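A closer look at the structure
The lines below spell out each chain.
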Amino acid sequence: MQRKHTFSLGTVAVVSSLAMAGGSATAVTITPNNSGTDLTNNILGPGINVNSVTYKGADGASGTFTNGKSSIGIDSGILLTSGQAKDAEGPNGNGDVDEVSGGFDENDELKRGASTENFFSGDSDLDTLIPQNSATQDATSLEIEFESAGGDVFFNYAFASEEYIDFEGTQFNDVFGFFLDGTNIAKIPGPSTPVSINTVNSVNNSSQFNQNIDPANFNLEYDGFTDVFQAQALDLEPGSHTIKLAIADTSDRILDSGVFLQANTFSDQPTEPPEDVPESSSLVGLLAVSLLGAGIGLTRKKA
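Let me sum up the structure you'll find in this document. All values derive from a computational prediction rather than experimental measurement.

**Thoughts on the nonpolar core**
Of all hydrophobic cores here, the largest spans 38 residues; its most connected members are Phe 155, Tyr 157, Phe 178 and Ile 243. Per-element tally for this core: the top contributor is strand β7 (residues 153–161), with 4 residues. The contact partners of Ile 243, leaving out residues within four places of it in the chain, are Leu 142, Glu 143, Ile 144, Phe 146, Phe 155, Phe 178, Phe 179, Leu 180, Ile 185 and Phe 266. Ranked by size, the runner-up nonpolar core spans 17 residues in total, among them Ile 30, Phe 65, Phe 225 and Val 228.

**Regarding helix α2 (residues 36–43)**
Spacing of three or four residues puts side chains on the same side of an α-helix, whose turn is 3.6 residues. Among the residues making up α2, those that are buried are Gly 36, Leu 39, Thr 40 and Ile 43. For α2, the arc enclosing every buried residue in end-on projection is 95°, short of the 170-degree limit, so these residues lie on one face. In this fold, the buried residues of α2 make contact with β3 (48–56), β4 (62–66), β5 (77–81), β6 (136–148), β13 (241–250) and β14 (257–262).

**Describing the environment of Phe 154**
Among the structural elements, Phe 154 can be located in strand β7. Measuring from C-alpha to C-alpha, the distance between Phe 154 and Ser 267 comes to 5.4 Å, with 113 residues separating the pair along the chain. Ignoring anything within four residues of it in the chain, the contact list for Phe 154 reads Gln 230, Ala 231, Gln 232, Leu 234, Thr 265, Phe 266, Ser 267, Asp 268, Gln 269 and Pro 270.

**Topic: unusual backbone geometry**
That bond from Gly 90 to Pro 91 is cis: its omega, 5°, falls within 30 degrees of zero. Omega for the bond connecting Tyr 164 with Ile 165 falls within 30 degrees of zero, at -15°, which places this linkage in the cis form. Secondary-structure assignment places Ile 165 in the loop between β7 and β8 (175–180). For Asp 181, which is not a glycine, the phi torsion comes out positive at approximately 50°. Looking at where Asp 181 falls in the secondary structure, it is placed in the loop between β8 and β9 (183–184). Positive phi outside glycine occurs at Asp 235, with the angle close to 55°. Relative to the elements of secondary structure, Asp 235 occurs in the loop between β12 (229–233) and β13.

Basis of the calculations
- Residues numbered from 1 in each chain as written.
- Predicted model: local features only at pLDDT ≥ 70, side-chain atom pairs only at ≥ 80, totals over all residues.
- Heavy atoms only, no water.
- Core = buried A, V, L, I, M, F, W, Y, C linked by side-chain atoms within 4.5 Å.
- Buried < 20%, exposed > 50% of the residue type's maximum accessible area, 1.4 Å probe, protein only.
- Helix = DSSP H or I, 4+ residues; strand = E, 2+ residues; numbered from the N terminus.
- Contact = heavy atoms within 4.5 Å.
- Arc of directions from axis to C-beta.

So, in structure tokens, the structure goes:
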């Protein structure tokens, strides 16, 4: 992969001074774990009986996390990624603008950040959520066969990515889904729209998005992430059901994404999502993003 950048020195100077005004937060701690049983037990809450678990993913692509309240808005739980789970730990290496910008060094080489090519296969269910001329790669999935005592299912989650903000609205729309009996229930609260980089970002549904560059006030490697959302399905028929939690890169294997699921919220009873993470942006962060948008252009092309 090769990417190039252009930037205005005036813009960089202004944004650098704004970045210095940002604070920092405690870093999330991640322990890699590829055991489907361990991951399921971490998020399991009351009213759900698990019959079987199937995990697919590259070594190190998933894990458990703690101390995530100030970083992602969820104190503890599990993380599924399209790269390496450990890479999500902060601080954000691409988050401050100095002599270079946009995640590239002075030689136009990509600062990798959370960007690992696992050379793992994609996921056929995730392929249905992206344009037909695209394909998923480096997929990670956790499939759980379960029964709900109360007939409902809930869990809380947040989506994060290194594709923010530079590649919003492009074909590099890393994708995830929660497929309950084959139907994706990872939707934006209110409208029936799947959550993705192109649907929740600095422009679209921006009130539910948190930017983490220039300044990178959240102690997290990813450049942006959503608020904590709640997935739900009501009035399930009695008997066994299957939910597949899956995430993948789209169109290439670089600049990874992750989905954080809150511990003990996979339940037949709703758990109120945590309050919003501390404000990172305020006027400073929003102005910085606006200046970046005006002064930095990025292209991305395959070698």
